[in-house]
Each structure stands twice: as C-alpha cells, then as structure tokens.
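Here's the letter readout for the chains.
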2 protein chains.
Amino acid sequence: MNVILNPMVTEEVMMANAIRALTMDAVQKANSGHPGMPMGMADVAAVLFSRFITVDPTQHDWPDRDRLVLSAGHGSMLLYALNHLIGYPDMDMAEIRRFRQWGARTAGHPEYGHAQGIEVTTGPLGQGIATAVGMALAERMMAARFPDLTNHYTYVIAGDGCLMEGVGQEAIDLAGHLRLGKLIVLWDDNGITIDGDTKLSTTTDQIARFRASGWNTAVCDGHKPVEISRAIFDARASKRPTLIACRTVIGFGAPAKQGTHEVHGALLGVEEVRSARAHLGWDSAPFEVPDAVYAAFGRPARRGRDARAMWEKRFAASPNREAFVAMMKADSAPVRRPMAAFKAKLIEKSPSVATRKASEMALEVVNGVLPFTIGGSADLTGSNLTRTTGMESIAANSFAGRYIHYGIREHGMAAAMNGLALHGGFRPYGGTFLAFADYCRPAIRLAALMGIPTIFVMTHDSIGLGEDGPTHQPVETLASLRAIPNLVVLRPCDAVETAEAWEIALETRDRPVLMALSRQSLPTLRSEARTNLTASGGYVLRAAERRDVTLIATGSEVEIAWEAADRLAKAGIDAAIVSLPSFELFAAQPKAYRDEVLGEAPRIGVEAAIRMGWGEVLRPDDAFIGMTGFGASAPAPELYRQFGITADAVAETAHRLTGK
Amino acid sequence: MNVILNPMVTEEVMMANAIRALTMDAVQKANSGHPGMPMGMADVAAVLFSRFITVDPTQHDWPDRDRLVLSAGHGSMLLYALNHLIGYPDMDMAEIRRFRQWGARTAGHPEYGHAQGIEVTTGPLGQGIATAVGMALAERMMAARFPDLTNHYTYVIAGDGCLMEGVGQEAIDLAGHLRLGKLIVLWDDNGITIDGDTKLSTTTDQIARFRASGWNTAVCDGHKPVEISRAIFDARASKRPTLIACRTVIGFGAPAKQGTHEVHGALLGVEEVRSARAHLGWDSAPFEVPDAVYAAFGRPARRGRDARAMWEKRFAASPNREAFVAMMKADSAPVRRPMAAFKAKLIEKSPSVATRKASEMALEVVNGVLPFTIGGSADLTGSNLTRTTGMESIAANSFAGRYIHYGIREHGMAAAMNGLALHGGFRPYGGTFLAFADYCRPAIRLAALMGIPTIFVMTHDSIGLGEDGPTHQPVETLASLRAIPNLVVLRPCDAVETAEAWEIALETRDRPVLMALSRQSLPTLRSEARTNLTASGGYVLRAAERRDVTLIATGSEVEIAWEAADRLAKAGIDAAIVSLPSFELFAAQPKAYRDEVLGEAPRIGVEAAIRMGWGEVLRPDDAFIGMTGFGASAPAPELYRQFGITADAVAETAHRLTGK
C-alpha cells in the first residue's frame, strides 16, 4: 500500500484491512468461502463507505438511502464486514463468526431478508447488476414523482462473471438506453476467474463495450484511495450510468497467493493468513477490530443519520407526503370496489375473450385506480396486452410514465422488475410468451427465494398459440414453474378468473405471482363472481348432483371439459367440473376442502401440457388428457385435434372410467 | 430498386423478388406468419446465394458445406423460399403452399430435421447466433485436424432480437475471443422490433459493441447488391468474425406498410399484396416462379455441386480419410472394452468418491480412447472436473485442443455445444452447477426438441453442496429438467452408476443427456458391473427376500437409503433398495419390469429435491422424504439433518408404513 497521502487515506487503508482481516477470519473459521473478492475490493469498498455512501444503520429501510448491490455475491464477506463495521444492529461479531452456518444471517451468499443492509439476494452471476438497473430506474421514476423526496445512488460491485453473463448485457443495454445516471458499477477488474486468467475466455474491451451502450466509463487503480475517490466523484456527476473499472489484485494482501485464481473460492490456509496479517500490518486477534476502525466507520454512519434527519424534515414539510406514503405502501385496497363492479359486468356480459385480453381489461381497471402499477413487456406489447389506456412510455429523461419497453430481453426484464419491487414505490408486471419463461427463469427463481411480489404476465400459454410451433409452445413450462417453491402460478380459465387472478396478484405481497394466459378466445364460464374462487386454487365450477365423474382442468382446457360435460349429460353421465387455476393455492387449502372439491368419483385431468405435477390431484386409476411431448406448427384447433385434447376424448375417457 | 448496374444484379433483384412473392403468398395462404424479415432481407439472401454460399442440394449433409443459420427464425419463409428455389428435393412448391400446416416441413419456425437445408431449429431469439458460434468453432477444430477436408463458412441471418438477447452477447464475446474468422453475421438492421422503433428500447451502437469484442464489422445498404456483395466478400477475407449491418427496410416491397412494425408478424392483406406485386413488377401468379428465377438459382446449385465433387476428389486422395470418417461417425464402440475394465476395477476397489469425481475418472477412460469428445466448462473446471489428462485448451488460432473454456456463460456454452453437435465430428460435453441449468434452459430445450446428443455435466446437484446456500442449491431443478420432453436426466448414486451414465451418454445419439452429479463423496454401493443397470432407469440395487418396504432413491440419497436399510434389518424389517438414476429411462421400460422393480410393499422415495415427478413411482399412501422449499447455507451434513433427509427419518417412516 504505497499511496498514503493524507490522514483520510490512512484511515481508509485501515478500514480496508479490517474488511480483509474479517474476511480471512470468517472464511478460515467456516472452512469455506471466497476470500479473493473481498480482499481485492476492500479498498474500493472502504472509499465508497468512507466518502460517499449514504445509508443509515439505525433505520435500514429509509426510502431515500443509497442502494448497494453486491452483484458478485460470492464475496459476501465484503458486505457482512461493511455492515458490521458501519454498525447495522443485527450484524454483530457473533454473526460474522457464524459465517456460513445454519441459521446465521451471514449465509454463503447475501440473502435478502436475512439481515439489514442486504438489498437483494445475489450469487447467481449477473443477477445483481440486472436487478440494480431496476432499482436505479425506480429511483428515477420516484424522483419524477417526488423530486423533493428522492435522490439517491445505486452502487453495484460486480465481477467478471457479472459482465460475461448474458443478462449483464441486457442490463447494460437497458441502463444505457434509459441513461440511468445515478447507477454506478464498480467492476472488480482483477483479470482472474475461477478457471484462471480471464484471457482464457474473453478478450472483450469492457470499456469500449459499455461506451457502445451509452455508458460513462472510468478506470482506477483499485488499491489507490485517491484514484478510487476521484472516479466515484466523477461518476456521481455523470448524466449517464458509469462503469468504473477498478484494477485490483484478487486476494490483495495475501502475499503468496494474491493475484491468482487460488484465492477466489478457497481458504488461504493458516500459514498464508498469518503472512497476510503481517504483510498488512494487522496485529489484532481474529474477529477483533481496533476501536479506531469502528470510529472511522462512525463517520459514514453519522453522515447517513444526518442525511436521513434532513430527509425527514423535507418529508414532514412536503406537500407530496401522503402520496409518497401511499406509493411506498402500494396498498391495493382502493381497487377492490371497481374490480367488483368490473367482475359483475363480466358476469352480465359473459364475453368470449382470450384471457390475455381479459387481463388487459382487468388492467384497465387496476391501472386506472392504482398509481403504483408499472407495466411492461419484452417487446411483445401487442401480444401480451400489458399496456392500458394512457400509460406513457418510460424513456431517457422521461420517467413520469408507467410503461417500460424492456426490449427483447426477458431475463433483464424479470431482474429489473425484481429491482423495481425491491426498491419500493412500485408494483411491476411484465409480459412475454410463456415458453420464454425459460429465458428469465433465474430471475423468477430469485424473486421466489427473496419472497418479493414481482408479477409475471405470460401469454400464449399452450399449443393454443398455433402456427408458431413447438419452439413457442409451452408443454413442460407450467410444470417447471409450479416446481419453483414460493411462486404462485395462476392459469385462469375465463375473464372472471383472470380478474380474480389480478386481485390475487395485487394482494400478494410476500411472493411472486405468474399468470399463464391464453392466446385464443375462451367463453366466460363463471356465472357468479361475488367471492374470489380463484384464490382457493381449485373449486367446483360446475356442480353435479350425482357426480359420476370429476373433470379437473385449468385455463383454456376448462372450456373443453365443459363441452365434454354437456355431451356426457346427454349420455346420462353426471360430470362435475373442477377448475384448478393454481396448484399452489389449492395445495394450501385444508385437506377436507380439497377432498370435497375433488370428490370420490373417477377423475380426469385436462391440461394442454405434460402430466408432471398432476399427481397432486390424480390417483393412479384416474386419467389425464394432455401432452406427452413437444407441440407442432399448425392452426390451434388442428393441434388440439391431433394431440387428442378434445371434448370427445374427455367424454370417451369418462365413459371408460365410469363404465357407463 | 435503383441500383441495377449489371446483369448479375438484375438477376439478383429477380431472385429477391421471388423470395418476397413466395413469402407473401405463403403467409397469406396460411393466414399467419412473418413477412417483414424475408421481404426485408431478400436482397441480402439473394446475393449470398447468388455469389457466395456453397451448399449442394443434391447432398444436403455434405460435411464441408457452408452452414446457414436463420437466427431470426420467425422469418422462416426466407429459408424455405431459398431452399425451394435452389432445389432441395424435399422442398417442393407443395411444401411452400402448406406453410405452417399440420405435418408440413414448412413449420412456423425452421425445425431441424423437418427438411434438408435447415441446419438448426430457431425461433427463440439469440439461439441461432449462439449455436452458429459452436458450428463455426467446430469448423475450425475440424480444419485443425483435417486441413485438406475442412474449409467452409458459417453464415447467420440475425435480427435485432438476436443482438438484444443476453445469449447473443455470450456468443459474440466467445466468437470474438476465439477469432472465428469464418463466421459471418448478416444483421437485418431495419430499426424495427415488434413494439415499434428499436429506439424504444435500445440505443446501443452495435458496430462499436462488436468491435469491442474483437469482431470485424461492415455496413451495407441491404437493398444494394453491389454493397452487399462487397461486404460479404471482405468478410470472407477477415481473420476475425464479421458483423455486417445490413441496413434494410422491413417488409421491403409492400408500398404502404414497409418500414413499420405492422409488417413484422402480421399478414399484409390482399390489397397490400396486390400493391406489392405491382410495385415489384412481379406478375407471376401466386406460388408460381418464372423459369428464369429457377435458372438463376441453378448457378449456386451448380457451384455447390462442383465444389462437392472437388471435395470428394480430395477426400478420395486424402491420407486422413479414415480418421475423418471415424470422427464424423463418432462411434463410441471403441470405449466399451476399456470402460468395462474400468468398471471392474471400481468394483474391486470400491472407492468413496463424489460422482463428479467418478465422472472425471470415467472421462479419463473415455477421452483416452475416443478422439471426438470435447470437454468444457462455464468457468467451473476445477469443480465440474470436466478436464482430463492432456486435454489442451482451445484458443484463438489454436484449435487442435479438446477443452473449451466457455467462460461464465452457461447459456452460450449450451448453445455452442448444440452447434458442435449439429456440425458433426464432435461429441461435446460441458459443465456447470446444476442450479445454473436455469441459465441455459432454453438451449437444453432446443437440444431436446432437435434430438441432438449434447451432453450436460451438472455438478453440485443438491443441498449437498453445503455452504454456498440456496441460490446454488437445486431443489426444483431435477423436476424441471425431467419435465423437458426428450431429455435424459441421469443422477447416478456411485462411481459405477456414473461410469454407466457415461456409457449411456456416449451411446445416445438422438437426444441430449444431462448428468446430475454430487459435490460430496459417496461410497460405491454396486457390487457388480457386468450389465449397465443404469440403462434400465431403475433397478433393485439391494434385494430383500421378504421385502417389507421398498426404498427408492437417486444419486446421493441412495447412500442414505442404504444406511436406513441396514438399521431396519437390525429391527427385523426387510428393506429393498431401488436405485432410480433416470426417470425417463425407467418410464420407457415394460410395465411388468417396472412393477417387479417397484414391488407391492410400501414405498419410500428419497431425494434431496421436491416431490414433483415422483408421482410416477409413488402411490398416494407411499411416503417421500425430500425437500419442500429452498435450501440454506450451512455445512452439508447439517443441512441433511435440518431438512430431515436422514437414514433415521427413512427408518422411522418405514416403521410407520409397515406398522412394525
């Protein structure tokens, strides 16, 4: 460390070394972890905290705090050390000592909700930077609405992996396009990945690449506080997002191993830790930090507390106060009455519309009442029908709108929506084709893991999309999404269920909701809408007095079951129909309710998808009518015929099962 | 069309207009399709075919043909029109007339295997360009081995979507890094996406972006044959991959609608088609093409035939002939005997190793015998253990090696592997963590849809990975992969099953295989290895004379079942153990075999994953011991205890189910 120019720098070196020491101690004790990144980026983080970041450890969720996203999540000890040193009350030394142990707040990768100051769960590379774009966008959108109450930065610490992952590019492109000037990415440019030198797999000139997407860029020596400080200072003044390439030595301070891929994700070992402590001049015992370091971190803590106090004053005096609170609360109660009226009208008119169209109709109501819903699509607006009357597009320097053209970037969209949801103030929903859920699955999974209320609107949900063929036709997609823990998948069968699905989505605050909607028109089958039956997950849509057979269907196949029931009635077979819009919500019902709904009669499941997952409601002797493989390209009615998903097939099966 | 300079150009305009006319006719007749791209890129395609491309319609699978990848797969009529006009025998006019109909070769998007001249299934955006990188890489790798027999180009027609999707960036970065000079991307730079102007969602300077990744770049007016021709000519001479930005008007030729997003994916309408025909001076009836156009396409057809004839001569005279044939055949028979010896040794030594380690051991045998296996990893080589002794790394200008550092790009890796497999000559396998299967799922799905033998090696396959926590722990991933039709998922329980899994992977030629391998060590449980029992999908690993209960487990949980059976034996309960390494292979067995294996006794399924999919082998009264939600960060043994996946839990459940 040869650039000690002034007392602040001296202090920052000490702050950085505290991060390094805690990292080494925690990894060594856990016998597991990634020391390379925290040790390499310690100087950058120390300067960021010492001079710039504005967070208040005494009120971690203060809305106008800066957001810090550790996109290179494997370097979690960097964040834990910072959060400990700056004084978040739930990150005491005991937590640092419990790094990577059962029940600890200090998980292997930062887990949102485990501790204060963890803004997002990271680890799967690229997710952090892509989520941060949503946060930085939310900041601009809130600033457009509440300029007196919103003005903060989003800082991202990213590694080579975040820049190599495709989702990173989607994020970079979107952020540059929208000129998110308060987004600052600190790239740990250490030239090392797990396999070795980055030159093994990439030669991209990252500076040029970011500039191509409209970013401001800078380069600094990541171990020289003065350079780091100047780079961040300039970045904050830029009207464009900034990439700062921080040239660092991975594992900085570990004399024998630094600068090699050996320090990325493996222990340094007792001997090397000892050498590093000597090398860094760090003579405190393991898990001990000198008071002077805590004192140094007290400065940014006070800065944050003062900033919040000033914000509280502005807030108290703001004419926008109530509106701001309402946005942050994102309470969907005001929409209940208009939605009830809308549903009553649906019952009255009984329209025949695709559920994607019904979704648009419901959204007209929702967006007309709630100011915090933010629509968008991955370039399929006219197909997903996600944009309602009067929704203005978001664009660079124009953030007052409510509709986002995410571009042909499903993954970036999903991650950005997660960021909007995490930031607060907005309830994002965004559309693509259901088959392309695969493109954004890692971000859907993270939303579920974090328990945040992102809403995914996925249309063209089966072979019913017709001619586009098997690449665009989901068959395994529903099962694969129902498999994700903590995700609610809704597949409504008509306009009423679709409206109910939107009610559920808006009232669900602790997990993501995904809607699977039809391309093709479907009749309104529900005849009353006073209670939200979709919320039960499954219910008897059409009762049968004798109930010879129970037809269980979802989405567009409920119509087919209905037609089959009509035919069966003529043949003297009494068929009940169970609509099953959500397997997850149904599974959460009491067993008695489920048993009653499913009944004792033979059951036939009908869904234009594979059978996997239907074991929940079908017994070994029950039947399933659906897909067994990929779809094909042809008009939809032809496909339903060819794949045998027809009222005839259902009726025949009912005859067979009932023996009538 | 104002640049008609010479007879060739005149002819090319006519060729392009034939593509436009057929596109309009087919879309109109199908009442469905995407006319915008084929009409916009018709001139580029005409010049490419007229002057450059070398394919032989009389032998579509000639190994040294140029590869043409329609990455913007929605423009499928461009490819079908070209393949019809140049004379592929299976693409007659009847097929063009059946565009997008049941059973037609002319599906909505190009489907590999449906017709000659379709090199890859495309439609999900970005897949084409990313797969093409694998093809272009395969070409260089074959050229390094057989310089006298390999020298062809890979042309890609890509749209804005292909460049916006993240996987596109992964592909660009990798191709630029490896300097795949014979890869030429023709970008349909029409400034229009489905939502409208590209400026709605991107302002990236694509030329600068590609240059940042080491590409050669060019710009041409996509409607001026001379400019197009010069750009392609120069691109072919470049030592770097080339992006040609073809400035085009989407829907070129439709006077009222061209240049707008209305022509992207909707019919032109009868009136506009009539106007377009007049505008283009095209007076043939629908689905009729003047002889002069066929004659013009005869020129490239002859060029291709001549080129192949010359190649056949070189081939006949080549000293490498037999080796070349062997590589293209990729027959795994030679490895059978050494693998048998290897397995016998495993039985003898009974090692306790992680299945990822066992995979490495098996690969040592495989790679030592077979020259066509190509290893790689998405920057987790030391974790996936995919590299064996003596495997040299592939690098720019150094293509003789057999190991690919794909970088932190799981999606790009999977697509590139598909390209390697499609090209022929190689059997690619590549590794990442199982949780990150989500990152490359669209490419895994395409491999399954195409029925190509890509091999995915996915390690760290459960909570058994321990401290890295829930972001890295698959729980729903196995189910979500088993859901993909035509994909074989293998989760071996010990070193013997892992060796068998490799035998299966190598002998499977018509679909992809994915292995889920443990991080943690597992004992060898098999006591004989003469027949490949894994190939049956499920089998009785430990017989029980009385069989009071059947324990069914996969992978690392078979050990737990084994321990439970030991305890149960002491308590007088006779437990059989069924190892179930592959649900798909087991489901393909005769019912009688399956019934015999599963037995009549109560069953307990054990897998450190969610229950979904286990309905295939468990009845309503059977039990399942596994996960119900996400994992956590802690040492693996602690996680197994906390989540209740233990021999104790299995034994207790057996007591309960048997009432003993």
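Residues numbered from 1 in each chain as written. Chains lettered and ligands numbered in written order. Predicted model: local features only at pLDDT ≥ 70, side-chain atom pairs only at ≥ 80, totals over all residues. Heavy atoms only, no water.

Q: Outline the packing of helix α14 (residues 355-369) of chain A against helix α19 (residues 495-507) of chain A, supporting the account with residue identities and numerical values.
A: Axes are the key here: two packed helices are described by the angle between their axes and the distance separating the axes. Residue and element names in this part refer to chain A. Two numbers describe how α14 lies on α19: the axes approach to 8 Å, and their chain directions differ by 50 degrees. Here α19 runs oblique to α14, going by the angle between their axes. For the element pair α14 and α19, the recorded crossing hand is right-handed. In this structure, α14 contributes T355, A358, S359, A362, L363 and V366 to the contact, and α19 contributes A495, T498, A499, W502 and L506. Of the residues belonging to the contact of α14 with α19, the class tally is eight nonpolar, three polar and no charged. (Axes fitted to C-alpha atoms, helices over the stretch in contact; angles between N-to-C directions. Helix = DSSP H or I, 4+ residues; strand = E, 2+ residues; numbered from the N terminus. Parallel < 35°, antiparallel > 145°, perpendicular 65-115°, else oblique. Left-handed = near helix turned anticlockwise from the far one by under 90°. Contact = heavy atoms within 4.5 Å. Nonpolar A, V, L, I, M, F, W, Y, C, P; charged D, E, K, R; others polar.)

Q: An account of the sheet that holds strand β12 (residues 455-459) of chain B is needed here, citing residue identities and associated values.
A: Residues and elements named next belong to chain B. Sheet architecture is open: six strands sit in the order β10-β9-β11-β12-β14-β13, paired in parallel fashion. Whereas interior strands pair on both sides, the edge strands pair on one side only; in this sheet they are β10 (403-405) and β13 (488-490). Neighbour-to-neighbour, the strand axes of the sheet open up by a mean angle of 20 degrees, direction not taken into account. Relative to strand β14 (residues 513-516), β12 runs parallel, the two being bridged by four bridges. Of the residues in β14, the one forming a bridge with I455 is V513. Packing against the sheet, helix α19 (residues 495-507) makes contact with β9 (373-377), β11 (427-433), β12, β13 and β14, and its axis sits at approximately 165 degrees to β14. (Pairing = 2+ DSSP bridges.)

Q: Account for the UniProt feature "domain: Transketolase-like pyrimidine-binding" (unreviewed entry) in chain A, with residues named and values stated.
A: Look at the UniProt record and you will see "domain: Transketolase-like pyrimidine-binding" (unreviewed entry) annotated at residues 353-524 of chain A. Annotated as 38% helix and 18% strand, the span residues 353-524 of chain A places its first and last C-alpha atoms 8 Å apart. (UniProt positions renumbered as here; feature names shortened; annotations may be inferred.)

Q: Lay out the nonpolar core in plain terms, naming residues and giving numbers.
A: Among the nonpolar cores identified, the biggest contains 145 residues, and L551(A), L183(B), I444(B) and W502(B) are the most heavily contacted of them. Ranked by the residues each element gives to this core, the list is headed by helix α5 (residues 127-145) of chain B, at 10 residues. Setting aside anything within four residues of it in sequence, one finds L551(A) in contact with A561(A), A564(A), A565(A), L568(A), A575(A), A576(A), I577(A), V578(A), I604(A) and V650(A). By size, the runner-up hydrophobic cluster in this structure holds 144 residues, among which are A171(A), L514(A), A575(B) and A651(B). (Core = buried A, V, L, I, M, F, W, Y, C linked by side-chain atoms within 4.5 Å. Buried < 20%, exposed > 50% of the residue type's maximum accessible area, 1.4 Å probe, protein only.)

Q: I'd like a description of the UniProt feature "binding site: Mg(2+)" (unreviewed entry) in chain A, backed by residues and values.
A: Per the UniProt record, "binding site: Mg(2+)" (unreviewed entry) is annotated on D160(A), N190(A) and I192(A). The largest pairwise C-alpha distance within this set of annotated residues, which runs over 33 residues, is 8.1 Å, so the set is compact in three dimensions. Following the sequence through the fold, D160(A) ends up in helix α6 (residues 160-164). Overall, the relative accessible area of 10% leaves D160(A) in the buried class. If we ignore the near neighbours within four places in the chain, the residues touching D160(A) are W187(A), D188(A), N190(A), G191(A), I192(A), T193(A), T198(A) and I408(B). Apart from the residues lying within four places of it in its own chain, the contact partners of N190(A) are D160(A), T248(A) and I250(A).

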